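# Coordinate analysis (summary)
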Amino acid sequence: MQLRERVNSALKQAMKDRAGDRLCTLRLINAAIKDRDIAARGEGSEDGVGEGEVLAILGKMVKQRQESARVYEEGGRIDLAQQELGEIDVIEEFLPKQLSDKEVETAIDEAVSVTGASSIRDMGKIMGHLKSRYTGQMDFGAAGSKVKQRLAS
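Residues numbered from 1 in each chain as written. Predicted model: local features only at pLDDT ≥ 70, side-chain atom pairs only at ≥ 80, totals over all residues. Heavy atoms only, no water.

With that settled, the discussion passes to the nonpolar core. Counting residues in hydrophobic clusters, the biggest one holds 22 residues, and the most contacted among them are Leu26, Ile29, Leu58 and Phe94. Only α1 (3-17), α2 (20-42), α3 (51-74) and α4 (78-92) provide two or more residues apiece to this core. Looking at this core, the element that brings in the most residues is α3, giving six residues. Apart from residues no more than four positions distant in its own chain, Ile29 is found in contact with Val7, Leu58, Met61, Ile91 and Phe94. By size, the runner-up hydrophobic cluster in this structure holds 17 residues, among which are Ile108, Ile126, Val147 and Leu151. (Core = buried A, V, L, I, M, F, W, Y, C linked by side-chain atoms within 4.5 Å. Buried < 20%, exposed > 50% of the residue type's maximum accessible area, 1.4 Å probe, protein only. Helix = DSSP H or I, 4+ residues; strand = E, 2+ residues; numbered from the N terminus. Contact = heavy atoms within 4.5 Å.)

Of the residues in the protein, 99% reach a pLDDT of 70 or more, and the chain-wide mean stands at 86. Across the protein, α4 holds the top mean pLDDT of 92, while helix α7 (residues 140-152) sits lowest at 81. (pLDDT = per-residue confidence, 0-100.)

Okay, unusual backbone geometry next. In the Ramachandran plot, Arg18 falls in the positive-phi region, its phi being about 55° despite a non-glycine side chain. Tracing the sequence through the fold places Arg18 in the loop between α1 and α2. Judged by its relative accessible area of 77%, Arg18 is exposed.

Shown next, in the form of structure tokens:
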């Protein structure tokens, strides 16, 4: 089942279950996807965005909520931080399993060998390769620093 269909069926189920918080988060996901579809149509893509772009949208939503939760906790608003963490749980249901540190290292090693990277100038090639294969499965900010370390040695 495609990601959009999974979100829509979960949205319908949340309506039936009268799960208010879950329903709000699912509506936010749906709105973000539709917003990106509209932007893609304006750029000439009649079908909207693909699965990879939807995964990127969900990953971005998780990062935004993690940052918000951190800010709320620092400000002493634990209730709002808990709400953000609850939204993260709902969004992560639709993301693929996150790679472990060892799996990320293996993916970086494989990307280096496939792209033939030898210096820090080749970092863009490696990151492009990783993003094409592991969107939604790894934190590319953390992976970027590991790639830099790998290329520096």
